[in-house]
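# Reading the structure
Chain by chain, the residues run as shown.
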Amino acid sequence: MTEDTYKEPAPYWKGNANPFESMMLRFDKAAELCKLEQGLYNYLKQPVKQVIISIPVLMDNGKLEVFEGYRVIHDNILGPSKGGIRYAPDVDLDEMKALASWMSWKCAIANIPFGGAKGGVKCDPSKLSQSELEKITRRYTSALLEIFGPDTDIPAPDMNTNEQMMAWIMDTYSMHSRKTVTGVVTGKPLIIGGSKGRPEATGRGVMIATMCALEKKGVDPRDITCAVQGFGNVGSVSAKLLSEKGIKIVAISDVTGGYYNKDGIDIPKAIEYVKKNGSLKDSKFGSKITNEELLECDAYILVPAAKEDQITEKNANNIKARLIVEGANGPTAANADSIIERKGIMVIPDILANSGGVIVSYFEWVQDRLGYFWDEDDVNNRLNRMMREAFETVYKTAMNYNTTMRLGAYIYAIDKVSKVLKLRGIYG
Ligand code: NAD
């Protein structure tokens, strides 16, 4: 290691106090393993732009309220930045910074020409009417008109934002542009420039990544079981597609609790149940278990597809799964990494496992710009090819560095973004 090479700092990043720290712990380890130059380390650890805005809204009751909104652009080295917008009471700048860098690494691994970004509004959507949500979304968009654009920064849905909100963003941006600009945002409804296959894309990507891992392990999907935490978009689609591959789904859960059935759960029936009742609550798909029990249950594969920091140093030792496929962003706290590694559990990290969503978002952007739309088979076949290539790339990097899939993913992404940055050079 030369003087100019990055060295891991004194243990300032402790545990998983916040997602930015969790991200930085892995980034630091990967930077050291791939001997990242100190200057590049300094460049890549910080976002290039962090914007905080005030969003004044006249509420339905006639009162004026002001919400805080964020947009963080981690980088735009590979191309325009890309990342979702989340509405939640606990949104803050650190969370945005972590999620924006994850997007950079995710896009680099998926081999799509985007940098990383993330945005959000600190609000409680469950307490807001449709019209208040529309006002927040439109005012948020208009405050960020100089940032957003199909060639500069392209938002998408994330927690508590949906395709209706993406339609409002597209419309607000288009009104100011005096023309319809569909490519400014992805995750739109199909009839206004959305892509076929987008709603299932992340779960489909989870299934493809799982199949790649099983192929490497030489395990037949028909011989194994799987537990899925979270039964929303990612969890339910992952469970459905994995069960179609012959894997027995023995446990599922949502925020109301979980169910275990050693004979396997009928996933299409569970999806129907949630559609009708809004959650898994009071269903009879097996014996009742808690979300904590689900993580530790007897299943070959564990797919955490709910929220961050579910697997921590407290429960990592009790995990029985041999393969963890991270459908959610950040479901494993950094302080659990070494325990899982010691137990010999293979982890397909979030920045690889759930990249199906951003890959099909990229397809949506391409189709919008072409004005030509693909059929669903076309989307799924392209997704399959790109996910498999991304898996192979990460697997090879992990092998070359004799490290985990997670660090392999970070190393590949950091190395790629650094190479492009060097080729482009530093302007100024
Ligand atoms: P969703 O809102 O559709 O579903 C979330 C599910 O998790 C729900 O079933 C909810 O009940 C459950 N849940 C919430 N809190 C829980 C808890 N404490 N314990 C157990 N279950 C809980 O969200 P989603 O789109 O499926 O996203 C899930 C995760 O995947 C998030 O981390 C998200 O950032 C990530 N992700 C989503 C996409 C996408 O395209 N939707 C893409 C990449 C990553």
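What counts and what doesn't
- Residues numbered from 1 in each chain as written.
- Predicted model: local features only at pLDDT ≥ 70, side-chain atom pairs only at ≥ 80, totals over all residues.
- Heavy atoms only, no water.
- Helix = DSSP H or I, 4+ residues; strand = E, 2+ residues; numbered from the N terminus.
- Rg over C-alpha atoms; globule rule 2.2 N^0.38 Å.
- Buried < 20%, exposed > 50% of the residue type's maximum accessible area, 1.4 Å probe, protein only.
- Near = heavy atom within 4 Å.
- Polar contact = N/O pair within 3.5 Å; in protein donor to acceptor, adjacent residues only side chain to side chain.
- Areas by Shrake-Rupley, 256 points an atom, 1.4 Å probe, with all protein chains shown as cover.
- Nonpolar A, V, L, I, M, F, W, Y, C, P; charged D, E, K, R; others polar.
- Expected span 1.5 Å × (residues − 1).
- Salt bridge = Lys/Arg side-chain N within 4 Å of Asp/Glu carboxyl O.
- Pairing = 2+ DSSP bridges.
- Right-handed = clockwise from strand over helix to strand, strands pointing away.
- Contact = heavy atoms within 4.5 Å.
- Domains from an automatic or database assignment.
- Buried area = accessible area lost by both parts, 1.4 Å probe.
- Axes fitted to C-alpha atoms, helices over the stretch in contact; angles between N-to-C directions.
- Parallel < 35°, antiparallel > 145°, perpendicular 65-115°, else oblique.

## Remarks on the overall build of the chain
When its secondary structure is counted, the chain shows 14 helices and 12 strands. Relative to the 2.2 N^0.38 estimate, which gives 22 Å for 428 residues, the radius of gyration of the chain is 21 Å and therefore close to what a compact globule would have. Taking the principal axes of its C-alpha atoms as reference, the chain extends roughly 60 × 55 × 40 Å. A total of 428 residues make up the chain; the buried ones form 58% of that total.

## Some points on the site of the ligand
Close to the ligand lie 19 residues; Thr-202, Phe-231, Asn-233, Val-234 and Val-255 are nearest. Measuring from an oxygen atom of the ligand, one finds a side-chain N or O atom of Thr-202 at 2.7 Å. The contact in question runs from an oxygen atom of the ligand to an N or O atom on the backbone of Gly-232, over 3.1 Å. Here the ligand loses 73% of its free accessible area of 820 Å² to cover by the protein chains. Sorting the residues of the shell around the ligand by element identifies α6 (198-217) and α7 (233-244) as the ones contributing at least two each. In the shell around the ligand, the residues fall into six nonpolar, nine polar and four charged.

## Comments concerning helix α12 (residues 356-370)
Its 15 residues place the ends of α12 21 Å apart at the C-alpha level, agreeing with the 21 Å of an ideal helix rising 1.5 Å per residue. Judged by how many residues are buried, α12 sits mostly within the fold: 13 of 15 residues are covered. In the segment just after α12, Gly-371 is the residue with positive phi, at about 70°.

## Structural notes on the pattern of salt bridges
A full pass over the atoms with the stated rule returns 26 salt bridges. For the salt bridge of Arg-369 with Asp-151, the shortest nitrogen-to-oxygen distance reads 2.9 Å. With Arg-369 in helix α12 and Asp-151 in the loop between α4 (130-143) and β5 (153-157), this pair connects stretches of sequence that are 218 residues apart. Judged by its relative accessible area of 44%, Arg-369 is partly exposed.

## Looking at unusual backbone geometry
For Lys-35, which is not a glycine, the phi torsion comes out positive at approximately 50°. Assignment of secondary structure puts Lys-35 in the loop between α1 (19-33) and α2 (38-45). Phi at Asn-402 takes a positive value of approximately 50°, unusual for a residue other than glycine. Take Asn-402: its relative accessible area is 71%, and that puts it in the exposed class.

## Description of the pairing of strand β6 (residues 225-229)
When you tally the buried positions in β6, you get four out of five residues, the bulk of the element. Where β6 meets strand β7 (residues 248-254), five bridges bridge the pair, whose relative direction is parallel. Among the inter-strand pairings, Gln-229 is bridged to a residue of β7, identified as Ser-253. Between β6 and its parallel partner β7, the chain crosses via α7, and the hand of that crossover is right-handed. Judged from the four bridges that link them, β6 and strand β10 (residues 301-304) form a sheet pairing that is parallel. Across the sheet, the residue bridging to Gln-229 is Pro-304, located in β10.

## A look at the pairing of β7
Burial runs high along β7: six of the seven residues are buried. Where β7 meets strand β8 (residues 257-260), four bridges bridge the pair, whose relative direction is antiparallel. From the neighbouring strand, Ser-253 faces β8, where its bridge partner is Gly-258. The antiparallel hairpin formed by β7 and β8 contains two residues in its connecting segment.

## As for helix α13 (residues 376-400)
The terminal C-alpha atoms of α13 lie 36 Å apart, and with 25 residues this matches the ideal 36 Å at 1.5 Å per residue to within 8%. Burial in α13 covers these residues: Val-379, Asn-380, Leu-383, Met-386, Met-387, Ala-390, Phe-391, Val-394, Thr-397 and Ala-398. Contacts made by the buried residues of α13 are with α3 (93-110), α6, β12 (346-348), α11 (350-353), α12 and α14 (405-424). Of the residues flanking the end of α13, it is Asn-402, one or two places downstream, whose phi is positive at about 50°.

## Digging into the domain arrangement of the chain
Along its sequence, the chain is carved into domain 1 (46-181) and domain 2 (201-353). If you average the C-alpha positions of domain 1 and of domain 2, the two centres end up 29 Å apart. With five residues of domain 1 in contact, the opposing surface of domain 2 contributes five residues. Together domain 1 and domain 2 conceal approximately 570 Å² of surface at their shared face, both sides included; 60% is due to carbon and sulfur atoms. For the domain 1 face of the interface with domain 2, the top three residues by lost area are Trp-102, Lys-106 and Ile-109, together amounting to 71%. At the junction of domain 1 with domain 2, the criterion picks out zero salt bridges. Across the contact surface, domain 1 and domain 2 share one residue pair in polar contact (both at pLDDT 80 or more). Tallied by class, residues from the side of domain 1 that touches domain 2 come to four nonpolar, no polar and one charged.

## Observations regarding the side chain of Ser-236
Along the chain, Ser-236 falls in helix α7. In this structure Ser-236 comes out as buried when scored by relative accessible area, which is 11%. Residues in contact with Ser-236, not counting those within four places in the same chain, are Gly-230, Phe-231, Ile-267 and Ile-271.

## Topic: the packing of α1 against α14
For any two helices packed against each other, the geometry is given by the interaxial angle and the distance between the axes. The contact between α1 and α14 brings their axes to 9 Å, and the two run at 70°. By the criterion of interaxial angle, the relationship of α1 to α14 is roughly perpendicular. Where α1 approaches α14, its residues Met-23, Arg-26, Phe-27, Lys-29, Ala-30, Ala-31 and Leu-33 are matched on the opposing element by Arg-406, Leu-407, Tyr-410, Ile-411 and Ile-414. The residue makeup of the contact of α1 with α14, split by class, is nine nonpolar, no polar and three charged.

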